[in-house]
Amino acid sequence: MSSPTSPAGAHWGPSRIVAAALAVALFGLAGVAAAGIDEPVHEVMQHGHRLAVVLACSVVGLALVAWLLLRPRPTKPSTLGWFSVSVSVLCLLATVLVWGAVAADDTLTGTPGTMVTTQGAATSYLRDDGRDGMQQIPTGVAIQTAQFTDANNIRLTGYLWQRLPADADTKTANLDLPAAVDGGATEQVYLHTNSDNTRTVGWKLRTTLREQFDYSHYPLDRQVIWSTMWPKTPGTVLVPDFAAYPPWEPEQNLGLYTGMVTGEWNTHFSAFSMGESTTRSTLGSTDTTTDATIPTLHFSAGVTREFLSPLLDRLVPLMVITLLVFASLFVVTTDNDRRSLAGFSTWTVIGFCGAMMLVVAVQHSSLRSTTGSTGVVYAEYFYFILYLVIALVAFNVVEYTSTRRFAFLDWNGNMAARLLYWPVVTTLLLGTTVAVFLL
């Protein structure tokens with residue numbers, strides 16, 4: 001048995017025993033938080049808080065393990081460097097893991113009203129809503145193309161059909177698209193007489209819908225395109241024409257053309273849902289009240305962005321700037337001989353930081369123009385992090401070259417700033433990623 005003063009005893013001093021105990025406790029907490037999550041990659045939205053705990057405990061626990069293995073200490077700067085690299089890699093891998101989980105998440109969210117997948121479910125909804133006595137008009141949709149024309153408008157083309165009574169007017173569709181900026185279902189393309197004394201009328205659908213899309217997760221965002229329909233004739237209600245489709249499953253993208261070209265978007269699901277709308281007016285009718293509701297049928301299509309291209313478009317230039325700012329830390333010196341060799345001065349680095357700040361600001365402005373969002377989108381945090389890092393580097397240069405310096409910054413030729421640079425950048429990136437997507 002080794003004595004307390006032997007090398008083995010020094011190796012497992014109180015601090016290392018505490019670190020090992022904390023690492024075990026963190027891994028245990030991560031296991032408890034992960035218990036009960038069957039498919040964490042596909043259930044990000046349902047278990048975001050628990051996944052955040054798992055991720056935080058795992059990263060901190062693995063960082064403690066790296067500290068125990070590397071035994072970093074000031075007398076050996078190389079060990080501190082490897083520990084810095086370990087923490088940075090752990091944070092970066094955790095961030096990429098969140099990106100992959102968000103991209104693979106197949107949660108059906110964002111559909112308005114109550115989703116229905118069968119005729120029985122639609123009838124049950126009308127019964128619960130007190131509208132089961134109204135005349136039902138089966139309505140179907142087949143979308144051929146979808147194109148975002150700007151941040152809040154989307155252009156749709158395809159077909160829309162209804163099964164109407166034999167004596168109904170078939171010149172125009174018995175529905176209204178309240179969110180349509182232009183167009184609609186006005187061009188009749190086919191008319192079939194059915195054996196049940198009804199007629200199926202099909203119209204060409206060409207319309208631009210306006211909707212408030214949520215870009216807060218850009219470029220890992222997903223959108224839900226709503227096609228909201230109101231009945232025109234009083235006493236009628238629109239219901240999905242499920243008889244015109246195979247058994248409805250949202251993941252099958254029914255109602256969407258299989259060869260539909262959506263650019264940088266992939267179709268995620270399609271669904272019919274039913275709800276109510278109100279205009280808070282009588283629309284001039286003396287038989288209704290201002291709080292009367294309109295039965296509403298929604299056809300929704302969920303789309304996910306192909307995030308790799310826009311993510312790289314934003315990250316690659318920022319990564320180059322981040323590397324250049326990091327390189328500027330190596331020319332900071334108080335040695336006159338080295339300063340003349342490198343051409344360094346305090347104002348030179350500050351001017352460089354100012355130029356980098358301007359480049360980042362221009363790209364940030366371009367991002368705001370691209371999304372058209374009124375709030376802060378996820379990709380903007382890349383720029384906020386870089387603003388902070390550039391400002392800290394400029395402060396470091398001023399502080400290190402001043403006559404009154406912090407001993408921490410003066411240690412080993414500004415080594416502390418170089419060791420902390422990448423852990424700070426990657427930790428901030430991981431923290432904002434977890435906060436946006438999991439909390």
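Conventions we followed
- Residues numbered from 1 in each chain as written.
- Predicted model: local features only at pLDDT ≥ 70, side-chain atom pairs only at ≥ 80, totals over all residues.
- Heavy atoms only, no water.
- Pairing = 2+ DSSP bridges.
- Helix = DSSP H or I, 4+ residues; strand = E, 2+ residues; numbered from the N terminus.
- Axes fitted to C-alpha atoms, helices over the stretch in contact; angles between N-to-C directions.
- Contact = heavy atoms within 4.5 Å.
- Phe/Tyr/Trp six-rings, centres within 6.5 Å; stacked < 30°, edge-to-face > 60°.
- Buried < 20%, exposed > 50% of the residue type's maximum accessible area, 1.4 Å probe, protein only.
- 1 Å grid on protein atoms, 1.4 Å probe; cavity = no way out; pocket = protein on both sides within 12 Å on 5 of 7 lines; lining within 4 Å.
- Points joined across faces, edges and corners; volume = space filled by probe spheres on them.
- Nonpolar A, V, L, I, M, F, W, Y, C, P; charged D, E, K, R; others polar.

Just give me the short version of the sheet that holds strand β3 (residues 153-165), but keep the residues and values in it.
Strand order in this open sheet of 5 strands is β4-β5-β3-β2-β7, and the pairing throughout is mixed. Edge positions in the open sheet fall to β4 (180-193) and β7 (236-240), since each of these has one partner strand only. On average, each strand axis in the sheet is tilted by 30° relative to the strand beside it, whichever way the strands run. Of the pairings in the sheet, the one linking strand β2 (residues 135-148) to β3 comprises 9 bridges and is antiparallel in character. Residue pairing in the sheet places A146 in a bridge with L156 of β3. Its contacts with the sheet place helix α5 (residues 119-128) against β2 and β7, and it is angled at close to 150° to β7.

Can you lay out the packing of aromatic side chains for me, pointing to particular residues and giving the numbers?
Enumeration over the complete set of coordinates arrives at 16 aromatic pairs. Their ring planes at 65° and their centres at 5.1 Å tell us that F148 and F213 sit as a pair that is edge-to-face. With F148 in strand β2 and F213 in the loop between β5 (198-210) and β6 (222-229), this residue pair connects regions lying 65 residues apart in the sequence. Its relative accessible area of 5% is what places F213 among the buried residues. Seen in terms of ring centroids, F326 and Y421 are 5.0 Å apart; in terms of plane orientation they differ by 40°. Their pairing is tilted. One end of the pair, F326, is in helix α6 (residues 308-328); the other, Y421, is in helix α11 (residues 415-437), and 95 residues separate them in sequence.

Describe in detail empty space enclosed by the protein, supporting the description with residues and values.
Counting across every chain of the model gives 2 cavities of 30 Å³ or more. Lining of the largest cavity is provided by 15 residues; of these, I143, A146, L156, I225 and A301 occupy positions nearest its centre. At the level of elements, β2, β3, β6 and β9 (294-305) are the ones that each hand at least two residues to the lining of the largest cavity. Its residues assigned to classes, the lining of the largest cavity comprises 13 nonpolar, 2 polar and no charged. As a volume, the second largest cavity reaches approximately 30 Å³. Along the walls of the second largest cavity sit Y125, L126, D129, R131, V237, L238, M274, G275, P295 and T296, which together make up its complete lining. For the lining of the second largest cavity, the elements supplying multiple residues, two or more each, are α5, β7, β8 (265-277) and β9. Tallied by class, the residues present in the lining of the second largest cavity amount to 6 nonpolar, 2 polar and 2 charged.

Any link to function would need more than the numbers given here.
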